[in-house]
Amino acid sequence: MPDNHDGQGDVQDGKNFYLDVPQICSVFPLKGSNALDWGMKNRLARVFSPQDGRTVMLAVDHGYFQGPTTGLERIDVIITPLVTFADALMITRGALRSSIPPEMAKPVVLRASGGQSILKELSHERIAVDIEDAVRLNASALAVQVYIGGVHEHESIGNLADMVNAGNRHGIPTMAVTGVGKELARDAKYLGLATRICAELGAHFVKTYYCEANFARVAAGCPVPLVIAGGKKLPEPAALEMAWRAVNEGAAGVDMGRNIFQCEAPLAMIQAVRAVVHGDETPGKAHDLYLSLKSMQERGQYA
Ligand code: 5RP
């Protein structure tokens, strides 16, 4: 019952139509998402907390082009315990089916593009998952890499457009992932270009990199939520600082991989990242939390 109603209403024949209460019409709080259909919004609300519009996604999809990445040698052993502290899991269908228990209740952001390896041109991707298989896996979102300025820029933008079209038919949002070639600068000009193109092509949210200068302009210029990748492993204080700066400059959270699972204490690190993203904790306090959880873990005080 709405808060502003006295509960009496106009009861006749045991029915109450709350004649004095206008139909409730809520505004969907996630940036750029209010015009989407119910299923899209419902899936997005699984990935992004409806309380603060933010997310801590755990990215473990690296094997799709890197093989057994350090820290992901055994997804069943290393990643499953971390899932409790993530809002969503970004993963390939192969790793999901083989290594993650289906009882896991967290939303899946399914890596849906691939087709290359670290031995070849990285932008040479195609869509690698049928939409029917994504539905079968109960995916809450799809993830497609886009290589703006890359050798296969055109095909990768086509992959994004095709995935958005397929996802739209089923109410599944698509996250564009901005892959940045080694020869390109990860600065605000490039990231602003790449993220905006992804949003204009219909991506429902975009994964990109943080940049020291003018990230706020990148976030403001992208009309849908941005999440940042962690990138290469940094010392923990630096990774927490980057997450803090990103959310304070307009990101809707993180989709972090190596800076969590390559830590000495991944369970402690994901909780420290959560404290920054959802608790507005400062990087210094979040690092203290990391150290204290790490030492509890070392003393066997929690698993
Ligand atoms: C490629 C990817 C990665 O597979 C991964 O998700 C990146 O995460 P992180 O940089 O935090 O390890 O998206 O671009």
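Scope of this entry: the structure provided in the associated data block. Being a predicted model, the structure only gives us computed values, none of them experimental.

**Notes on the environment of Glu 183**
Inspection of the secondary structure assignment puts Glu 183 in the loop between strand E9 (174-178) and helix H7 (188-200). Relative accessible area serves as the criterion here: at 60%, Glu 183 is assigned to the exposed category.

**Notes on the site of the ligand**
Taken together, 16 residues sit near the ligand, with Asp 61, His 62, Gln 145, Lys 207 and Gly 257 positioned nearest. Residue Asp 61 places a side-chain N or O atom 2.7 Å away from an oxygen atom belonging to the ligand. Taking Gly 257, its main chain carries an N or O atom lying 2.8 Å from an oxygen atom of the ligand. In isolation the ligand has 380 Å² of accessible area, and contact with the protein removes 96% of it. Class assignment of the residues belonging to the shell around the ligand gives a composition of 6 nonpolar, 5 polar and 5 charged.

**Re the sheet that holds strand E11 (residues 226-229)**
In space, the 8 strands of this closed barrel follow the order E3-E4-E5-E8-E9-E10-E11-E12, with parallel pairing throughout. The mean inter-strand angle of the sheet, taken between neighbouring strand axes irrespective of direction, is 25°. Here 3 bridges tie E9 to strand E10 (residues 205-208), and the two strands are oriented parallel to one another. Within the sheet, the bridge partner assigned to Met 175 lies in E10 and is Phe 205. The strands touched by H7 within the sheet are strand E8 (141-146), E9, E10 and E11, with E10 carrying the most contacts at an inclination of about 155°.

**A short note on the pattern of salt bridges**
Within the structure shown, the criterion is met by 14 salt bridges. In this structure, Asp 280 and Arg 54 form a salt bridge, with 3.0 Å as the shortest nitrogen-oxygen distance. You can see Asp 280 sitting in the loop between helix H11 (266-279) and helix H12 (283-298) and its partner Arg 54 sitting in the loop between helix H1 (38-47) and strand E3 (55-59), a full 226 residues away along the chain. Using a relative accessible area of 17% as the deciding quantity, one classes Arg 54 as buried. Linked by salt bridges that have partners in common, Arg 93, Arg 97, Asp 133 and Arg 136 make up one network.

**Re the nonpolar core**
Counting 79 residues, the largest nonpolar core has Leu 58, Ile 79, Leu 89, Phe 215 and Val 273 as its most contacted members. Setting aside residues up to four positions removed in sequence, Phe 215 forms contacts with Thr 208, Tyr 209, Tyr 210, Leu 226, Ile 228, Ala 246, Glu 249 and Ala 251. Membership of the second largest hydrophobic core comes to 17 residues, among which are Val 47, Val 109, Met 175 and Ala 252.

**Details of the packing of aromatic side chains**
Under the defined criterion, the tally for this structure stands at 3 aromatic pairs. Seen in terms of ring centroids, Tyr 210 and Phe 215 are 5.0 Å apart; in terms of plane orientation they differ by 45°. Their pairing is tilted. Note on accessibility: Tyr 210 and Phe 215 belong to one class, buried. Of note, Arg 186 hangs over the ring of Tyr 209, and the distance from its end group to the ring centre comes to 3.7 Å.

**What to know about a nonpolar patch on the surface**
A surface patch of nonpolar side chains, about 320 Å² in accessible area, is lined by Ile 118, Leu 119 and Leu 122. With respect to the helices and strands, the residue Leu 122 is situated in the loop between strand E6 (113-114) and strand E7 (126-127). Given a relative accessible area of 32%, Leu 122 falls into the partly exposed group.

**Some remarks on the side chain of Asp 61**
If you trace the backbone, Asp 61 turns up in the loop between E3 and helix H2 (63-66). Within the local environment of Asp 61, its side chain forms a polar contact with the side chain of Arg 111, the two groups lying 2.9 Å apart. Every residue in contact with Asp 61, bar those within four places of it in the chain, is listed here: Met 90, Ile 91, Thr 92 and Arg 111.

**Notes on unusual backbone geometry**
Peptide bonds are, in most cases, trans, and in most cases residues other than glycine have a negative phi. Even without being a glycine, Tyr 18 presents a positive backbone phi close to 45°. Looking at where Tyr 18 falls in the secondary structure, it is placed in the loop between strand E2 (15-16) and H1. The exposure class assigned to Tyr 18 is partly exposed, which follows from its relative accessible area of 27%. A positive phi angle is found at Asn 214, which is not glycine, with a value near 65°. Mapped onto the elements of the fold, Asn 214 is located in the loop between E10 and helix H8 (215-221).

Scoring rules and cut-offs
- Residues numbered from 1 in each chain as written.
- Predicted model: local features only at pLDDT ≥ 70, side-chain atom pairs only at ≥ 80, totals over all residues.
- Heavy atoms only, no water.
- Helix = DSSP H or I, 4+ residues; strand = E, 2+ residues; numbered from the N terminus.
- Buried < 20%, exposed > 50% of the residue type's maximum accessible area, 1.4 Å probe, protein only.
- Near = heavy atom within 4 Å.
- Polar contact = N/O pair within 3.5 Å; in protein donor to acceptor, adjacent residues only side chain to side chain.
- Areas by Shrake-Rupley, 256 points an atom, 1.4 Å probe, with all protein chains shown as cover.
- Nonpolar A, V, L, I, M, F, W, Y, C, P; charged D, E, K, R; others polar.
- Pairing = 2+ DSSP bridges.
- Axes fitted to C-alpha atoms, helices over the stretch in contact; angles between N-to-C directions.
- Contact = heavy atoms within 4.5 Å.
- Salt bridge = Lys/Arg side-chain N within 4 Å of Asp/Glu carboxyl O.
- Core = buried A, V, L, I, M, F, W, Y, C linked by side-chain atoms within 4.5 Å.
- Phe/Tyr/Trp six-rings, centres within 6.5 Å; stacked < 30°, edge-to-face > 60°.
- Lys NZ or Arg CZ within 6 Å of the ring centre and 35° of its normal.
- Patch = residues over 30% accessible without salt bridge, like charges linked within 9 Å, V, L, I, M, F, W, Y side chains within 5 Å.

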